[in-house]
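Commentary on secondary and tertiary structure
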Amino acid sequence: MEQAALTALGSLAVGVVGGAFGVGGGIFLVPLLVWLGHRPVEAVGVSLFCVIGTSVGASSVALKSGEANLSLSLLLEPFLLAGAVGAGLVATKVGDATLLYAFAAVLVLIALATASRARGAQDLVAPTDEPGLFDGSSGGARYRPQRLRVLPPVMLGAGVTAGLFGIGGGAVVVPLLALVARVPMRAAAATSTVSLMVTAGAAGAVHLAHGTVPLDAVAWALLGVIPGGLLGARLQTRLPEGVLRGVFALLALAVAASVVLRARGLS
Amino acid sequence: MSARVASRAVLATAFVGGLVLVVGAARTLMGAEARELLLVGAALFLATPLARNAAVLAREGRRAPRLLALAGTVALLLVYAWAAWRLLG
């Protein structure tokens, strides 16, 4: 009973944070579940299901606000899915401590990438008169995503990260969309929120087939993550981009440090 | 299908799946066997991305996004079919 309550309450906080940053919450949920006694690979499985839950709530808000670029999201999804499924197939073969060390390394990279974007983040390319399929608008300013040919392999890599670490891809997809495709941070977060559902669904099914998803833990986590995600998505549209970036980078670094401590305990 | 109806269908799929999962988890907490109920809940919950894609297909008029949504749906169905075969086979 106590474990169920802790999972639900912890997931509520994770849902708010995940919805606000458009990351699905996985990067914070996996460490939480490991602290609560789950094996890392089980935490990844639970997290993938919760990413779907967060994405359901947050993506409806993101689409309604007009920030989510649905066409771009649909373009990214097959590549994210392929990477996530491939990684999900090998995730059970990776040792617990190894998985956590790798998870911490990814968190540090994500934090650095997010923080480094402070220099030229708003170097947007406005669309020409001729309408483009992937054109979007963010905060009233129109933009055209760049380097679309580079995005598929990049998203394949992001999908691998999602399937292996249960982070849905948002924590990776958001900075990559901003850095590679020059999509505004807020639109990138909203678009990734929409993409996460399919990525997490595919990887979650693979983990379920491997028997590494404790479904009762999924239920308690969902009870917290879904309302939290709805609340977080509303914050996403209200917080300034600079604040989003800074807080996200700091949180990711703090969680990485705690994951390393846990991995040392396991090894 | 209007955008509102499509959005509600996606939310309803996730809600029902989540509800079945919670009922299953509550039964487990009380010491009862609920594996099948939990699996049904998980299957319903995993149907959410399919519902989302169906909603996109229903309301999107442009050819390219429809094709992209269709490709994503087929890929997802293939993964789900493999997972179901492994779980039930």
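Up top is the structure.
Residues numbered from 1 in each chain as written. Chains lettered and ligands numbered in written order. Predicted model: local features only at pLDDT ≥ 70, side-chain atom pairs only at ≥ 80, totals over all residues. Heavy atoms only, no water.

Moving on: the overall build of chain B. Each helix and strand counted, chain B has four helices and zero strands in total. Written out in order from the N terminus, the α and β elements of chain B read α-α-α-α. The C-alpha atoms of chain B give a radius of gyration of 16 Å, which is well past the 12 Å a tight globule of 89 residues would have. Sorting the 89 residues of chain B into buried and exposed places 42% on the buried side. Put simply, of all contacts in chain B between residues at least 6 apart along the chain, 54% involve residues at least 24 apart. (Helix = DSSP H or I, 4+ residues; strand = E, 2+ residues; numbered from the N terminus. Rg over C-alpha atoms; globule rule 2.2 N^0.38 Å. Buried < 20%, exposed > 50% of the residue type's maximum accessible area, 1.4 Å probe, protein only. Contact = heavy atoms within 4.5 Å.)

Our focus in this paragraph is the overall build of chain A. Secondary structure summary: chain A contains ten helices and two strands in total. Going residue by residue from the N terminus, the α and β elements of chain A occur as α-α-α-α-α-β-β-α-α-α-α-α. Its C-alpha radius of gyration of 17 Å places chain A within 12% of the 18 Å reference for a compact globule of 267 residues. Expressed as lengths along the three principal axes of its C-alpha atoms, the size of chain A is roughly 60 × 30 × 30 Å. Residues counted as buried form 62% of the 267 residues belonging to chain A. The contacts in chain A between residues at least 6 apart in sequence include a share of 82% that link residues at least 24 apart. Here chain A displays about 9300 Å² of accessible surface, and carbon together with sulfur accounts for 65% of that area. Placing the 16 positive and 11 negative side-chain charges of chain A at their respective mean positions leaves the two points 5 Å apart. (Areas by Shrake-Rupley, 256 points an atom, 1.4 Å probe, with all protein chains shown as cover. Lys, Arg positive; Asp, Glu negative; His and termini not counted. Charge placed at Lys NZ, Arg CZ, Asp CG, Glu CD.)

Residue and element names in this part refer to chain A. Helix 3 (residues 40–65) packs onto helix 2 (residues 26–35) with a crossing angle of 140° between their chain directions and a minimal axis gap of 9 Å. On the basis of the axis angle, helix 2 is oblique to helix 3. Viewed along their axes, helix 2 and helix 3 form a crossing whose handedness is right-handed. Taking contact as the criterion, the partners of Gly-26, Leu-29, Val-30, Leu-33 and Val-34 in helix 2 are, on helix 3, Pro-40, Ala-43, Val-44, Val-46, Ser-47, Cys-50 and Val-51. By residue class, the composition of the contact of helix 2 with helix 3 is ten nonpolar, two polar and no charged. (Axes fitted to C-alpha atoms, helices over the stretch in contact; angles between N-to-C directions. Parallel < 35°, antiparallel > 145°, perpendicular 65-115°, else oblique. Left-handed = near helix turned anticlockwise from the far one by under 90°. Nonpolar A, V, L, I, M, F, W, Y, C, P; charged D, E, K, R; others polar.)

Right, let's get into the environment of Ala-158 of chain A. Residue and element names in this part refer to chain A. Residue placement: Ala-158 occurs in helix 6 (residues 151–165). For Ala-158, a relative accessible area of 1% gives the class buried. When the C-alpha positions of Ala-158 and Gly-83 are compared, they lie 7.1 Å apart, and in sequence the two are 75 residues distant.

Turning our attention to the nonpolar core. Judged by nonpolar contacts, the single largest core of 112 residues is most densely connected at Leu-177 and Leu-215 of chain A together with Leu-21 of chain B. In terms of residue count, helix 8 (residues 185–209) of chain A provides more of this core than any other element does, 16 residues in total. Beyond its immediate sequence surroundings of up to four residues, Leu-215 of chain A is in contact with Leu-208 of chain A together with Leu-21, Leu-38, Leu-39 and Ala-42 of chain B. (Core = buried A, V, L, I, M, F, W, Y, C linked by side-chain atoms within 4.5 Å.)

Counted under the stated rule, the structure contains two aromatic pairs over all chains. Between the aromatic rings of Phe-49 of chain A and Phe-45 of chain B, the centroid separation amounts to 6.5 Å while the plane-to-plane angle is 15°, which identifies the pairing as stacked. In this pair, Phe-49 of chain A sits in helix 3 while Phe-45 of chain B sits in helix 2 (residues 35–46), so the two residues belong to two different chains. Each member of the pair, Phe-49 of chain A together with Phe-45 of chain B, is buried. (Phe/Tyr/Trp six-rings, centres within 6.5 Å; stacked < 30°, edge-to-face > 60°.)

Turning next to the interface of chain B and chain A. It is common to report an interface's size as the accessible area lost on association of the parts. At the junction of the two partners, chain B supplies 37 residues and chain A supplies 34 residues. In total, chain B and chain A occlude about 3000 Å² of area from one another, counting both sides; carbon and sulfur atoms represent 83% of this. Looking at the side of chain B facing chain A, the largest losses of area belong to Phe-45, Arg-52 and Leu-68 of chain B, adding up to 20% of the total buried there. Across the salt bridge formed by Arg-52 of chain B and Glu-77 of chain A, the nearest N and O atoms sit 2.8 Å from each other. Those elements giving two or more residues to the side of chain B that touches chain A turn out to be helix 1 (3–29), helix 2, helix 3 (48–59) and helix 4 (63–88) of chain B. If you tally residues by element for the side of chain B that touches chain A, the top one is helix 4 of chain B, at 13 residues. Partitioning the side of chain B that touches chain A into residue classes produces 26 nonpolar, six polar and five charged. (Buried area = accessible area lost by both parts, 1.4 Å probe. Salt bridge = Lys/Arg side-chain N within 4 Å of Asp/Glu carboxyl O.)

All names here are of chain A. In this structure, Leu-235 sits in helix 9 (residues 215–236). A relative accessible area of 34% means that Leu-235 is categorised as partly exposed. Sequence separation between Leu-235 and Arg-149 is 86 residues, and the spatial gap between their C-alpha atoms is 32 Å. The residues contacting Leu-235, other than those within four sequence positions of it, are Val-16 and Ala-20.

Residue and element names in this part refer to chain B. Together, Phe-15, Val-16, Leu-19, Val-23, Leu-37, Val-40 and Leu-44 line one region of the surface with nonpolar side chains, adding up to about 580 Å² of accessible area. Of all the elements in the fold, those that place two or more residues in the nonpolar patch are helix 1 and helix 2. The leading source of residues in the nonpolar patch is helix 1, at four residues. Mapped onto the elements of the fold, Leu-44 is located in helix 2. (Patch = residues over 30% accessible without salt bridge, like charges linked within 9 Å, V, L, I, M, F, W, Y side chains within 5 Å.)

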